[in-house]
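The lines below spell out each chain.
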Amino acid sequence: MFIGKNIRYLRSLNQHTQKSLADKLGKTPTSVGEYEKGKNLPPIDVIIKICEIYDVSLDQLVHKDLQAEPYVPERSNDSRAEYKNDVLLNKMLAIKVLELIEVIQRESPEDYQGLRLETFSETIKETFDVK
């Protein structure tokens, strides 16, 4: 994943400081710095805002090294780009749901078993090809 590297690259390319980007995102400059260094992964809503601010698709932000490859803003009415964003967003949401299921398993094993979350978890993993 290239999220942190790409955030730093796009921010610099657009001559934004960490503070100015943080203000746009409703976050602190420290948070932006941690995203850029890969210490923390931005929440999904922040990733979407970054994509909107820099006119980049989720696929580009996550999977491509924008500094090494020619970066061209999306600004396209191409519905395929929107579809790619939806697929990636759904996968990211699935990962977050799996994380929540792990918390339930750890903190409330009886609820985990009673709700049959193991089966649900396996279905999510298979559906979204998540490990």
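The shown structure was predicted, so the numbers you read here are calculated from the model rather than taken from an experiment.

### Looking at the packing of helix α2 (residues 18-25) against helix α3 (residues 29-37)
- The geometry of α2 relative to α3 is characterised by a closest axis approach of 8 Å and an angle of 105° between their N-to-C directions. Relative to α3, the element α2 is oriented roughly perpendicular. Counting all contacts with α2, which are made through Q18, K19, L21, A22 and L25, the residues of α3 involved are P29, V32, G33 and E36.
- Its residues placed into classes, the contact of α2 with α3 shows five nonpolar, two polar and two charged.

### Considerations on α3
- Residues of α3 that are buried: S31, V32, G33, Y35 and E36.
- Buried positions along α3 lie against α1 (3-13), α2 and α4 (44-54).
- Immediately downstream of α3, the backbone of G38 shows phi near 80°, a positive value.

### Concerning the packing of α1 against α3
- For the pair α1 and α3, the least separation of the axes is 6 Å and the interaxial angle reads 120°. Relative to α3, the element α1 is oriented oblique. Judged by residue contacts, G4, K5, I7, R8 and R11 of α1 engage Y35, E36 and K37 from α3.
- Residue composition of the contact of α1 with α3, by class: two nonpolar, one polar and five charged.

### Digging into the pattern of salt bridges
- Counted under the stated rule, the structure contains five salt bridges.
- The residue R11 makes a salt bridge to E36 at a minimum N-O spacing of 2.5 Å. One end of the pair, R11, is in helix α1; the other, E36, is in helix α3, with 25 residues separating them in the sequence.
- The exposure class assigned to R11 is buried, which follows from its relative accessible area of 11%.

### Considering the nonpolar core
- Ranked by internal contacts, the top residues of the largest apolar core, which has 22 residues, are I7, L10, I47, I50, V56 and L61.
- For this core, the secondary structure elements donating two or more residues are α1, α2, α3, α4, α5 (58-63) and α6 (79-107).
- If one sorts the elements of this core by residue count, α4 sits on top with six residues.
- Excluding residues within four positions of it along the chain, I50 makes contact with I7, L25, V56 and L61.

Rules of the game
- Residue positions are given per chain, counting from 1 as you read along its sequence in written order.
- Where totals are concerned, whole chains, interfaces and linings use all residues; where local detail is concerned, this predicted model gives features only for residues with pLDDT of at least 70, and gives and counts side-chain atom pairs only at 80 or more.
- Only heavy atoms go into the side-chain values, all of them from the structure, while hydrogens and water stay out.
- Comment: axis = line fitted to C-alpha atoms, over the contacting stretch for helices; angle = value between 0 and 180 degrees taken between N-to-C directions.
- Each helix is a run of H or I in the DSSP string that is no shorter than four residues. Each strand is a run of E no shorter than two, and both are numbered from the N terminus.
- Note on terminology: angles under 35 degrees are roughly parallel, angles over 145 are roughly antiparallel, angles of 65 to 115 are roughly perpendicular, and the others are oblique.
- In this description, contact between two residues means that some pair of their heavy atoms is separated by no more than 4.5 Å.
- Lys, Arg, Asp and Glu make up the charged group, whereas Ala, Val, Leu, Ile, Met, Phe, Trp, Tyr, Cys and Pro make up the nonpolar group; the residues left over, Gly among them, are polar.
- Burial status follows relative accessibility: with a 1.4 Å probe on protein chains alone, a residue under 20% of its type maximum counts as buried, one over 50% as exposed, and anything between as partly exposed.
- Any Lys or Arg side-chain nitrogen found within 4 Å of a carboxyl oxygen on Asp or Glu counts as a salt bridge.
- Side-chain atoms within 4.5 Å are what join buried Ala, Val, Leu, Ile, Met, Phe, Trp, Tyr and Cys residues into a set we call a nonpolar core.

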